Each structure stands twice: as C-alpha cells, then as structure tokens.
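Understanding the architecture of this molecule
Listed below, chain by chain, are the residues.
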Amino acid sequence: MNNNSKLETEELRTCLHIHLYHPDQANCPLYHNLPLNQPYKMDAEDPLRLGRDGQTCIFVLNDTSVSRKQLSIQAYRKAGSTFLSFMIQNMSQKIKLMVGGSELRYLERAELDDKVFLRFGRYELLIWQEPGDSVNTFEVLFETCNTPPSQELGIDVPCKLPVMDTGVPWRNLENGAPASQEPLESDETVVLV
C-alpha cells in the first residue's frame, strides 16, 4: 500500500482581509504594531480585538484617539454550516462604529456580511472574507489602502453638476441661471446660448 494515500491534506483556512485607511497614515506610524501584508493565524474560539491597548487587544493601533478596546470580531458557525461566519461588536463607549450603513453602540453586535465597510473615528476599514473549510482556525490579513474605501465604494461622495460633452455646464435656457441640483434628462437637442 502506498503511504501517500495516508497523507492528510491541510485544511484551507478562512481569511479575513482587512483593508485599513486613515487620512494621516502617511505621516503617522498608526499601523506599526500590526502584522501588515502577512497572514496571522488565529484560533476560531479567540476573538480578534482591535484597539490601542496592547494588554487586552491582539491588534493594536498606535493612536490615542482610538479606544483602548475599539472592536471585537468573533468567529462562529451557523447551525448546519461547515463554514465560519463572523460577528462584530463595538467595545468602545465613546466612539461609534458604523457597520455598513448601521451604527453599533457600545456592546451591540452585528453579523458581518462577506464584504462590509466599517468606519470609526477617522478610520475606514473594508473587510471581506475568503472562505475556507477549517472550523478551528482562520487567518487575518491586514493591508493598507492609499485611497479611502468609501471613495472606491461611492459612499458619501457628493454628486456634481452634469457637464455636456462640449465642457459647458448645463444652464437653464430661459434665464441663463445655473440649473438646479436636480438631475436633468432630455431626449431633445440642447441649444447652447
């Protein structure tokens, strides 16, 4: 009998990708305590804690505006599922945590979607899950973003006045005043004055 048939295959771990952005990240060493760009293995039973206190948090942000314990992410399995899911909890009494479009207050929890946008203070995080089949461990991969995830996702980006192909902004043809902020649609030819 061939011994190769007895070799166990290693389970593929779920990976929680966390993309971080802060407007001052180029000037301040906010992330120097995080294992950036390298997967960090975690036991599924242990919560992922993020904050500024290195005694209580596994992952530390070097920023006094962050709470000692900012947030916690816990892996769990839904009944009948073989895949890990994740729940997030706001651990801060002072700083609100926005998950998707909902606010979590102190000690409130929410289930994380496969891809979700988080915001607390001036930090923006985009978290997405790469599924795996291990139920005992998962990986966390922290990476920084050069542009805010909100900008990439089109969140909180104001609409601008439409500009015609000629480069001239739309105008109200009756009195020459700038058009309203309402969107304009027309099936007829536009006459420039």
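The coordinates are above.
Here we summarise the structure given alongside this text. (Residues numbered from 1 in each chain as written. Predicted model: local features only at pLDDT ≥ 70, side-chain atom pairs only at ≥ 80, totals over all residues. Heavy atoms only, no water.)

**Some thoughts on the environment of Gln 129**
Heads up, the rule is: Helix and strand labels come from DSSP, where a helix needs a run of H or I of at least four residues and a strand needs a run of E of at least two; each type is numbered from the N terminus. Remark: exposure states derive from per-residue accessible area (1.4 Å probe, protein chains only) relative to the maximum for the residue type, with buried under 20%, exposed over 50%, and partly exposed in between. Contacts are residue-level and defined by heavy atoms, with any inter-residue pair within 4.5 Å sufficient.
Considering the arrangement of structural elements, one finds Gln 129 in strand S11 (residues 123–130). On the accessibility criterion, Gln 129 (14% relative accessible area) is buried. Separated by 13 residues in the primary sequence, Gln 129 and Val 116 place their C-alpha atoms 9.3 Å from one another. Those residues in contact with Gln 129 that sit more than four places away from it in its chain are Cys 15, Leu 16, Leu 84, Phe 86, Leu 112, Asp 113 and Asp 114.

**Some words on the sheet that holds strand S2 (residues 40–43)**
Heads up, the condition is: Note on pairing: two strands pair once DSSP finds at least 2 bridges between them. Working convention: axes come from line fits to C-alpha atoms, limited for helices to the stretch in contact. Angles between N-to-C directions cover 0 to 180 degrees.
One open sheet accounts for seven strands, arranged S2-S12-S1-S11-S10-S7-S8; its pairing is mixed. Of all the strands in the sheet, just S2 and strand S8 (102–104) have a single pairing partner and so form its edges. Along the sheet, successive strands turn relative to each other by an average axial angle of 25 degrees, direction set aside. Across six bridges, strand S10 (residues 115–120) lies against S11 in antiparallel orientation. Following the sheet pairing, Phe 120 is matched in S11 by Tyr 123.

**A short note on the sheet that holds strand S4 (residues 59–60)**
Judged by pairing direction, the sheet is mixed, and its five strands sit side by side in the order S4-S3-S5-S6-S9 without closing on themselves. Sheet topology places S4 and strand S9 (109–111) at the edges, where each strand pairs with a single neighbour. Across seven bridges, the pairing between strand S5 (residues 71–77) and strand S6 (residues 84–90) is antiparallel. Note that in S6 the partner of Ser 72 across the bridge is Gln 89.

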